[in-house]
Amino acid sequence: MSAFPRERSGRHLAFSGWWYRRGRFTASHVLLVLMAVTMLVPFMWMVLASFKPLQEVEQLNPIPSVWRFENYPNVFEQVSFARYYFNSIFIAAWVTFLQCLTSAMAAYAFARLQWRGRDTVFRLYLATLMIPGVVLMIPNYTLMVKLHLLDSYLGLIVPASFSAFGTFLLRQFMLTIPSALDEAAAIDGASPWQIFWDVIMPLSRAGLVTLGIFTFLGNYGSFFWPLILIKSEHLRTLPIGMLYFDTVYGRQTNLIMAASVMNIIPLVILFVAAQRHIVRGVQLGAVKG
Amino acid sequence: MRRQRHERRAALGFLLPNLIGFGVFTAGPVLFSLVISISNWHLHRTVAFQWVALRNFVELLQDRDFWLYSINTAYLMLGIPFAIAGSLLLAIVLSQRLRGIVVYRTLFYLPTFTSGVALMLLWKALYNPEFGALNAVINWWLDSLHLNELVRALGGGGVSAPTWLLSTKNMLGLDVEQIRIIPGQWGLGARDALIIMGIWIAIGGNNMLLYLAGVSNIPPELVEAAQLDGAGRWAIFRNVTWPQLAPTTFFIVVMSFIGGLQGGFEQARVMTLGGPAGTTTTISYYIYTKAFEEFQIGYAAALSWVLFSAIFVITMINWRLGGKELHY
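Note that this is a predicted model, so its numbers are computed, not measured. Along each chain, the written sequence defines residue order, and numbers are assigned to residues from 1. Each chain gets a letter, beginning with A, and each ligand a number, beginning with 1, in the order they are written. In keeping with the model being predicted, local features are shown solely for residues with a pLDDT of at least 70 and side-chain atom pairs are shown and tallied solely at 80 or more, while totals for entire chains, interfaces and linings include all residues.

## Some details on the overall build of chain B
When you go through chain B residue by residue, the secondary structure sums to 16 helices and zero strands. Across its three principal axes, chain B shows a C-alpha extent of roughly 75 × 60 × 35 Å. Exposure is read from a count of other C-beta atoms within 10 Å of each residue's own; the residue is exposed at 12 or fewer, buried at 20 or more and partly exposed in between. C-beta atoms are placed from the backbone. For chain B, the proportion of its 328 residues judged to be buried stands at 42%. Numbering goes from the N terminus for both helices and strands, where a helix is a DSSP run of H or I of at least four residues and a strand is a run of E of at least two.

Given below as structure tokens:
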């Protein structure tokens, strides 16, 4: 028997023995609190600055002397911020839906169907993840010019609707579903499409949610592609709108901070709601690189 | 087998949307980009179109900016080891404190989660040398500690807060114009500011989550055995934790290199426009300016292929060096 009995759920507390012996206020505790404060202070400053009058932003007093709640409506008056919100969410939602669908279909072919050359094709597929985005930007831009998709929703949505990463993630997920299930369905005369839609998809829900969150996030914050593709003001997404807002009204730090707060609020809500999925997704996505 | 033949047709159907998408937006463009790179294509056709064979690549090797921006890219990657070490430390500490783990994890992950233009605008405001909060705090400390008087009494020239994003100084004392080190450049400048921001964003992010998973997968027997042998905290880390986490570290290092080599675009566009004096222009931002501000599509495509090759070669070297580490 171990001389140092494990405390609580031993697996996660591999070190608890020697650590807890040192008492409550250990170096680790101090470090954690210090780090948490370092992480939090810039965000706090952002929120507080967004309520300050402009001349107070640069001063050291953390709390605004007058709370200017009108900073927020002011952002909407100066730029079409509501439009940016709508564009970002609209585009990200479409991309998320399409990417989940195409990735799930491909993942099903790679995980559940038997065909010659499957694993070779899959490996080739994965290899495309190595191609840096910058290499694709230039030819894809010229392609969009040719297809007359510059400055359009379609140009933002369609190229982003396919993902090798998503296919990989969902394939890993579908491999864990017992194969007896689709065999039973096949014996009952179900077509591959019916098996995919009625058996595999419902069982892959957790994987789809994870992929959906990552896709939505990635697209909501997407910068490079909309930056080169979008010319008209009414098609700007939040990141692009914020960039030009900063270029034109950059001295009004309080308004910029109000816009930034509004930009990240949906993300914070999403994170708090779906934290479990996100943590698992990060850890799952790296299993095989 | 009948079943195989039957399923092959089904598989093709399921793969079709993705195959078309990849053909049109990945495979096709990659090849097309290679074709563009041997032309002098100018987007607005101010120069007559010509095939120039490898002239773009020759020009690139003689392009002083290309080398300076390569150095910038490498310089910005100096933050990577600090970010990784920080993530590891946080993960180890966090793995011992399950109480409140959700709160801590949320706080640490927040910058990764919200990273993007909003955070960069926040840091741009914080770094502002005249009005920014950071220098307000630094100046307040300098004043209240009478640091300047102390330094002058010791015969120094006085201390002032860095001008951050407006400064070409850097911790290595690199010259702006040429590839050499000059002592007068030593200090904190724009590149260091971006490194600090990058560490702040990344330290509690994906890498920490990966390390957290890695630490919880270490068999407790190993740690207990080491404890029985009387190993101290450092010895346990050195002989148990670190080797057990080698695959995780390897994965993180490979991904960080890939990310770092093609990184720096967004912060350059949002925070510095590549300045001051081009010190924050990375290769990816250089490609952007060549392609979409100067419209030299051919040259930019050649640049992007050089970057691609560099990423490929460095990843292969990483595999060679690190692959061995994996067989414990």
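Let us keep going from here.
## What to know about the overall build of chain A
Along its length, chain A carries 14 helices and zero strands. In sequence order, the secondary structure elements of chain A are arranged as α-α-α-α-α-α-α-α-α-α-α-α-α-α. Our contact criterion uses C-beta atoms placed from the backbone: two residues qualify when those atoms are within 7 Å. Restricting to contacts in chain A with at least 6 residues of sequence separation, those with at least 24 account for 72%.

## Details of the environment of Tyr153 of chain A
Topologically, Tyr153 of chain A is positioned in helix 7 (residues 153-157). Given 14 C-beta atoms within 10 Å, Tyr153 of chain A falls into the partly exposed group.

## Looking at the packing of helix 4 (residues 79-94) of chain B against helix 9 (residues 190-202) of chain B
Residues and elements named next belong to chain B. All axes here are fitted lines through C-alpha atoms, helices being fitted over the stretch that makes contact, and every angle between N-to-C directions spans 0 to 180 degrees. The geometry of helix 4 relative to helix 9 is characterised by a closest axis approach of 9 Å and an angle of 25° between their N-to-C directions. By the criterion of interaxial angle, the relationship of helix 4 to helix 9 is roughly parallel. As helix 4 runs across helix 9, the sense of the crossing is right-handed. Across the interface between the two elements, Gly79, Phe82, Ala83 and Gly86 of helix 4 pack against Ile195, Gly198, Ile199 and Ala202 of helix 9. In these notes the angle categories are as follows: under 35 degrees is roughly parallel, over 145 is roughly antiparallel, 65 to 115 is roughly perpendicular, and the rest is oblique. In this scheme the handedness of a crossing depends on how the near helix is turned from the far one: anticlockwise by less than a right angle means left-handed, clockwise means right-handed.

## Describing the nonpolar core
By convention in this section, buried Ala, Val, Leu, Ile, Met, Phe, Trp, Tyr and Cys residues joined through C-beta atoms within 7 Å make up a nonpolar core. Tyr108 and Ala109 of chain A together with Ala91, Leu121 and Leu122 of chain B are the most contacted members of the largest nonpolar core, which totals 143 residues. Broken down by element, the residue count for this core peaks at 14 residues, all from helix 4 (residues 81-111) of chain A. In this view, Tyr108 of chain A contacts Leu113, Met174, Phe196 and Ile200 of chain A together with Phe14 of chain B; residues no more than four positions away in its chain are not counted.

## Quick notes on the interface of chain A and chain B
Across the boundary between the two partners, chain A contributes 76 residues, which contact 75 residues of chain B. Elements with a minimum of two residues in the side of chain A that touches chain B: helix 1 (16-20), helix 2 (27-49), helix 4, helix 6 (133-146), helix 12 (224-229), helix 13 (238-249) and helix 14 (253-285) of chain A. With 13 residues, the top contributor of residues to the side of chain A that touches chain B is helix 14 of chain A. The residue makeup of the side of chain A that touches chain B, split by class, is 51 nonpolar, 19 polar and six charged. Note that Gly is not counted as nonpolar here; it falls among the polar residues with everything else outside the nonpolar set of Ala, Val, Leu, Ile, Met, Phe, Trp, Tyr, Cys and Pro and the charged set of Asp, Glu, Lys and Arg.

## Quick look at unusual backbone geometry
Residues and elements named next belong to chain B. A cis amide bond, omega -5°, links Gly275 with the succeeding residue Pro276. Within the secondary structure, Pro276 is located in the loop between helix 14 (265-272) and helix 15 (283-292). Backbone geometry at Ala277 places phi at a positive 50°, although glycine is not the residue there. Counting through the fold element by element, Ala277 comes out in the loop between helix 14 and helix 15.

## What to know about the packing of helix 14 of chain B against helix 15 of chain B
Residue and element names in this part refer to chain B. Look at helix 14 against helix 15: their axes get within 7 Å of each other, and the N-to-C directions meet at 65°. With respect to helix 15, the axis of helix 14 lies roughly perpendicular. The element helix 14 and its partner helix 15 pack so that their crossing is right-handed. Residues Phe265, Ala268 and Arg269 of helix 14 pack against Ser284, Tyr285 and Tyr288 of helix 15.

## Some details on the environment of Asn254 of chain A
Residue and element names in this part refer to chain A. By the element assignment, Asn254 lies in helix 14. In the structure, Asn254 is positioned 199 residues away from Gln55 in sequence and 9.2 Å away in space, judged by C-alpha atoms. Sequence-distant contacts of Asn254, defined by excluding residues within four places in its chain, comprise Ala49, Ser50, Lys52, Leu54, Val57 and Asn71.

## Quick notes on helix 6 (residues 117-127) of chain B
Counted residue by residue, helix 6 of chain B has 11 buried out of 11 residues, so it is predominantly covered. Val117, Ala118, Leu119, Met120, Leu121, Leu122, Trp123, Lys124, Ala125, Leu126 and Tyr127 of chain B are the residues of helix 6 of chain B that are buried.

## Topic: the confidence of the model for chain B
All names here are of chain B. Every residue carries a pLDDT, the predictor's confidence in it, which falls somewhere between 0 and 100. Per-residue confidence for chain B gives a mean pLDDT of 88, with 95% of residues at or over 70. The secondary structure element of chain B with the lowest average pLDDT is helix 8 (residues 147-153), at 77, and the one with the highest is helix 15, at 95. Scored as a complex, the prediction yields pTM 0.88 and ipTM 0.87.

## Topic: the environment of Leu61 of chain B
Residue and element names in this part refer to chain B. With respect to the element layout, Leu61 can be found in helix 2 (residues 55-62). The exposure class of Leu61 is exposed, given the 9 C-beta atoms found within 10 Å. Each C-alpha atom, one on Leu61 and one on Leu19, is 37 Å from the other, the two residues being 42 residues apart in sequence.

## A short note on the confidence of the model for chain A
Chain-level pLDDT for chain A is 85 on average; 90% of the residues reach the 70-or-more range. Contacts of residues 1-20 of chain A to residues separated by more than four positions or lying in other chains number 34 contacts, the stretch itself having pLDDT below 50.

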